[in-house]
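# Secondary and tertiary structure notes
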Amino acid sequence: NFHTKHLSGKRQIFINGGAAIGRMEKWFVCSDVHDDEEALSAFADYAQSQQPDAIFFLGDFSLRPYKKEDLENVLQSNDVKSFIEAKNKHNNKILQAMKGVLDASKIPYAVIPGNYDNTLENVFGEKDLHKKLAQLGGLKLFGYGGSGAWPPHIQLLVKIKQIVDFDNSELY
């Protein structure tokens with residue numbers, strides 16, 4: 001038997017009416033904003049009003065991490081290296097804007113990549129929990145993001161290794 005009780009604005013967990021064993025954390029979880037900085041800003045604004053302990057972003061900052069003309073160029077020229085450079089430049093602008101929104105919230109946060117994302121570590125640094133263990137209060141968290149080759153329209157990105165691969169054998 002356990003119950004919770006609010007003490008000075010923080011929730012405490014009690015077992016069988018005994019002493020508090022810790023406070024429950026309030027976490028906000030978000031995913032799949034797909035290039036929509038305004039949606040992430042609205043989420044962050046709401047989160048700020050609710051004063052959570054942390055935000056977890058569970059992937060898909062990106063929708064199409066490249067410009068249409070860069071895709072057309074690679075299909076005509078087969079210059080994959082130039083495509084990857086242009087894609088990274090374009091996508092990093094998007095990710096930097098998203099990071100700015102999360103940083104401005106002043107709420108601690110962590111991220112993992114989704115099926116549309118490449119590595120996030122180059123922009124988010126240690127806030128990227130992909131294949132990492134973190135501790136939040138008394139909880140240990142393990143982050144694992146990425147994707148297989150789904151949905152079909154991300155096949156090109158999977159083929160040129162521009163999507164974080166999801167390998168079930170790493171988890172089981």
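Read on for an overview of the structure. (Residues numbered from 1 in each chain as written. Predicted model: local features only at pLDDT ≥ 70, side-chain atom pairs only at ≥ 80, totals over all residues. Heavy atoms only, no water.)

## Some details on the packing of aromatic side chains
Put simply, the test is: Two rings from Phe, Tyr or Trp (for Trp, the six-membered ring) form a pair when their centres sit within 6.5 Å of each other. Planes less than 30 degrees apart are called stacked, planes more than 60 degrees apart edge-to-face, and all others tilted. Here a helix means four or more residues in a row that DSSP labels H or I, a strand means two or more in a row labelled E, and each is numbered from the N terminus. Three labels apply to residues, based on accessible area from a 1.4 Å probe with only protein chains included: buried if under 20% of the type maximum, exposed if over 50%, partly exposed otherwise in between. Ring-over charges, as used throughout, are those where CZ of Arg or NZ of Lys falls within 6 Å of the ring centre and within 35 degrees of the ring normal.
Counted under the stated rule, the structure contains nine aromatic pairs. Arranged with centres 5.0 Å apart and planes meeting at 20°, the rings of Phe61 and Phe124 form a pair that is stacked. Residue Phe61 is found in the loop between strand E5 (54-57) and helix H2 (68-77), and its partner Phe124 is found in helix H4 (residues 121-124); the two are separated by 63 residues along the sequence. Exposure remark for Phe124: the relative accessible area of 4% places this residue in the buried category. A network of ring pairs unites the aromatic residues Phe57, Phe61, Tyr109 and Phe124 as a single cluster. The ring of Tyr109 is capped by Lys127, whose NZ or CZ atom sits 4.4 Å from the centre of that ring.

## Let's talk about the sheet that holds E5
The following threshold applies: Pairing between two strands is assigned when DSSP locates at least 2 bridges connecting them. To get an axis, a line is fitted to the C-alpha atoms, and for a helix only the part in contact is used. The angle between two axes follows their N-to-C directions and goes from 0 to 180 degrees. Contacts between residues were defined by any pair of non-hydrogen atoms, one from each residue, lying within 4.5 Å.
Pairing is parallel across the open sheet formed by three strands, whose spatial order is E4-E5-E6. Of all strands in the sheet, those with a lone pairing partner are strand E4 (27-30) and strand E6 (109-111), marking the two edges. Neighbour to neighbour, the strand axes of the sheet diverge by 15° on average, direction disregarded. Here helix H1 (residues 37-50) sits on the sheet and contacts E4 and E5; the angle it forms with E4, its principal contact strand, is near 170°. Packing of helix H3 (residues 80-105) onto the sheet brings it into contact with E5 and E6, and relative to E6 it is tilted by some 155°.

## Points about unusual backbone geometry
Phi is positive for Gln51, which is not a glycine, with a value near 50°. Among the structural elements, Gln51 can be located in the loop between H1 and E5. Not every positive phi belongs to a glycine, and Lys106 is a case in point at roughly 65°. In this structure Lys106 comes out as exposed when scored by relative accessible area, which is 74%.

## Considering the packing of H1 against H3
What counts here: Our angle categories are set so that under 35 degrees counts as roughly parallel, over 145 as roughly antiparallel, 65 to 115 as roughly perpendicular, and the remainder as oblique. Ten residue types, Ala, Val, Leu, Ile, Met, Phe, Trp, Tyr, Cys and Pro, are classed as nonpolar, four, Asp, Glu, Lys and Arg, as charged, and the remainder, Gly among them, as polar.
Relative orientation of the contacting elements H1 and H3 amounts to 10°, with a least axis distance of 9 Å. Of the possible angle classes, the one that applies to H1 and H3 is roughly parallel. Contact with H1, carried on its side by Glu37, Leu40, Ser41, Ala44 and Gln48, involves Ala97, Met98, Val101, Leu102, Ala104 and Ser105 of H3 and no other residues of that element. Counted by class, the contact of H1 with H3 contains seven nonpolar, three polar and one charged residues.

## Topic: the pattern of salt bridges
Short version of the rule: One speaks of a salt bridge when a side-chain nitrogen belonging to Lys or Arg is within 4 Å of a carboxyl oxygen belonging to Asp or Glu.
The tally for this structure, following the rule as stated, stands at three salt bridges. Residue Glu170 pairs with Lys131 through a salt bridge whose shortest N-O separation is 3.0 Å. Of the two residues, Glu170 is situated in helix H6 (residues 168-171) and Lys131 in the loop between H4 and strand E7 (132-136); the sequence distance between them amounts to 39 residues. Note on Glu170: relative accessible area 43%, which makes it partly exposed. With a relative accessible area of 43%, Lys131 lands in the partly exposed category.

By themselves these figures say nothing about function.
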